[in-house]
Amino acid sequence: MPETAATPATVHKEDSQVRQKNMIAAHYSRLARAPETGEKNVYTFVPGNLTELIRSFDLLPVLPEINALQSAMRGKSRDYIATAEKLGHSEDVCTYVKCDLGMMKSGNVGPTGERLPQPDLLLLSYTGCFTFMKWFELLREEYHCPVVMLHVPYQGDGVITDSMRKYVVDQLRTKVIPALESVSGRSYDEDRLREMLARSARAEDDLVAVLNAARQRPSPIDAYFGGVYYIGPIFSAFRGTEDAVAYYSLLRAEVEERGRQKLGPITPDGPMARERFRLVGEGPPNWTSFREFWKMFADEGAVVVASTYTKVGGVYDFGFRHDPSRPIETLAEYCMGCYTNLNLPSRVDMLASYVRDYRADGFLINSVKSCNSFSAGQLHILREVENRVGQPGGFIESDLVDPRYFSAANIKNRLESYFQMIEQKRFGGGEAA
Ligand code: SF4
């Protein structure tokens, strides 16, 4: 998900956007100053991130996936990927990895144009993606810094059992916390962690209110293209901070006001005039042509009212909240509950419930070449959800940050056909457009 350091040229910037942009700029400049200030940092991944725990040691999180997608939005990923491929990384490797490695080899200049510090610790929350492990092996070779791995069991049977929870809790207590103590020079402070988790829960309440606002007609938000901005702070470096609490409170107030006024979402060209299609989205967006991609939907009056991508860093709308009364257990449950750690039947259930609960006209899968965690099984998901909800599914293909795999004409054609299919179904079903 992007952080608004790269906000597209929206016609009007909401106060929450400005606030988010300032938060992110401040975070990156704090990172850039780290060699002088002595502040230490932890590189870690979005799914299953332990932001509150990291910050409770006064360590700063760095999320390589965020840097990669931000580089893509700034038009830099093509060169970074080429650099990584010249070094021998195959065309088939996840492009987040190649973008990050290319950035590192080109001076490790982050999204705001400032140099990122070297990691003091690599914290690998292993949530299902084997690539994560290989990625940090490469960074370890480069930086020679300590690595700690949290192995998060996959929800193969669609549930979190006591033994799974204990397995993660034990690792947090005996591996992760000691590693954070060693790097930071501080002792684990559970009261401090509890305070942060309480702030997380407040922000999570507000985020859920924002996402739920899309149940209205018209939806005041786009829960995919707009949604990726909304999840930025909570999925990355800010969960548990006062900044995040203030941001989500402001965002919620803005969205609720748009809802009261029966306004549609703000798109790259300003507020959407008329909501014609309500869709559910599955899969990450394309970042290299993000604005163009979004416009293909907005120009047709298509609004994404719910999306699975905005659940990769936490599935809050089904009730999960960080619980300060059980600090380590709640972190374990959070890690196991992220979207890509769910099995295919759970993902089908989620999509089907979104289509029904948000009264969507259909659902659309953007299958990205890079990400097996997302893309494996998506054709099966397409058929299952279609059978379950009786609404048409659409399928398009692109990539995360490799511009070679974004074919605008192809995607536009497929989208147009898909929207026609929805209209025909509507006409055939005698529903009002
Ligand atoms: S394959 Fe997917 S989950 Fe794994 S690192 Fe790449 S984008 Fe992330």
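A short tour of the structure in this document, coming up.

The rules behind each value
- Once a new chain begins, its residue numbering starts again from 1 and follows that chain's sequence as written.
- In view of the model being predicted, local features appear only for residues whose pLDDT reaches at least 70, and side-chain atom pairs are presented and counted only at 80 or more, with totals across whole chains, interfaces and linings using the full set of residues.
- To get the side-chain values, all heavy atoms of the structure are used, and hydrogens and water are removed first.
- When DSSP finds two or more bridges between a pair of strands, those strands are recorded as paired.
- Every helix listed is a DSSP run of H or I at least four residues long, and every strand listed is a run of E at least two residues long, numbered separately from the N terminus.
- Note on geometry: axes are C-alpha line fits, over the in-contact stretch for helices, and angles between N-to-C directions span 0 to 180 degrees.
- It only takes one pair of heavy atoms within 4.5 Å for two residues to be counted as in contact.
- Per-residue accessibility, obtained with a 1.4 Å probe over protein chains only, is compared with the maximum for each type, and a residue is labelled buried under 20%, exposed over 50%, and partly exposed between these values.
- We call a crossover right-handed when, viewed with both strands directed away from the observer, the connection leading from the first strand over the helix to the second proceeds clockwise.
- Throughout, near means a residue has at least one heavy atom within 4 Å of the molecule or strand.

**Remarks on the sheet that holds strand β3 (residues 121-126)**
- Read across the sheet, 4 strands follow the order β2-β1-β3-β4 without closing on themselves; strand pairing throughout is parallel. The sheet terminates laterally at β2 (60-62) and β4 (147-151), the two strands that pair on one side only. Within the sheet, the average angular offset between the axes of one strand and its neighbour, ignoring direction, is 25 degrees.
- Examined bridge by bridge, strand β1 (residues 41-44) and β3 share 3 bridges and lie parallel to one another. When the bridges of β3 are listed, Y43 appears paired with L122.
- Across the sheet, helix α1 (residues 15-32) is in contact with β1 and β2; its angle to β2 comes to roughly 100 degrees.
- Along the sheet, helix α7 (residues 130-143) contacts β1, β3 and β4; its crossing angle with β3, the most-contacted strand, is approximately 170 degrees.

**Some points on the pairing of β1**
- With burial as the criterion, each face of β1 is covered, one bearing N41 and Y43 and the other bearing V42 and T44.
- Two elements, β1 and β2, share 3 bridges in a ladder whose sense is parallel. Bridged to Y43 within β2 is V62.
- Note that the unit made of β1, helix α3 (residues 51-56) and β2 has a crossover that is right-handed.

**A short note on helix α4 (residues 64-73)**
- For α4, a buried count of 9 out of 10 residues is recorded, marking the element as mostly surrounded by other parts of the structure.
- On the buried face of α4, the contacting elements are α1, β1, β2, α5 (77-86), α6 (95-105) and α7.
- Of the residues one or two after α4, G75 is the one with positive phi, at around 75 degrees.

**What about the site of the ligand?**
- What surrounds the ligand is the set C94, Y96, C129, T131, F132, W135, S370, C371, S373 and L400.
- If you tally residues by element for the shell around the ligand, the top one is α7, at 3 residues.

**Quick notes on the side chain of S16**
- Relative to the helices and strands, S16 is located in helix α1.
- With a relative accessible area of 2%, S16 lands in the buried category.
- Apart from the residues within four sequence positions on either side, S16 is in contact with Y247, L250, L251 and E254.

From the geometry alone we can't say anything about function, so treat these as descriptive.
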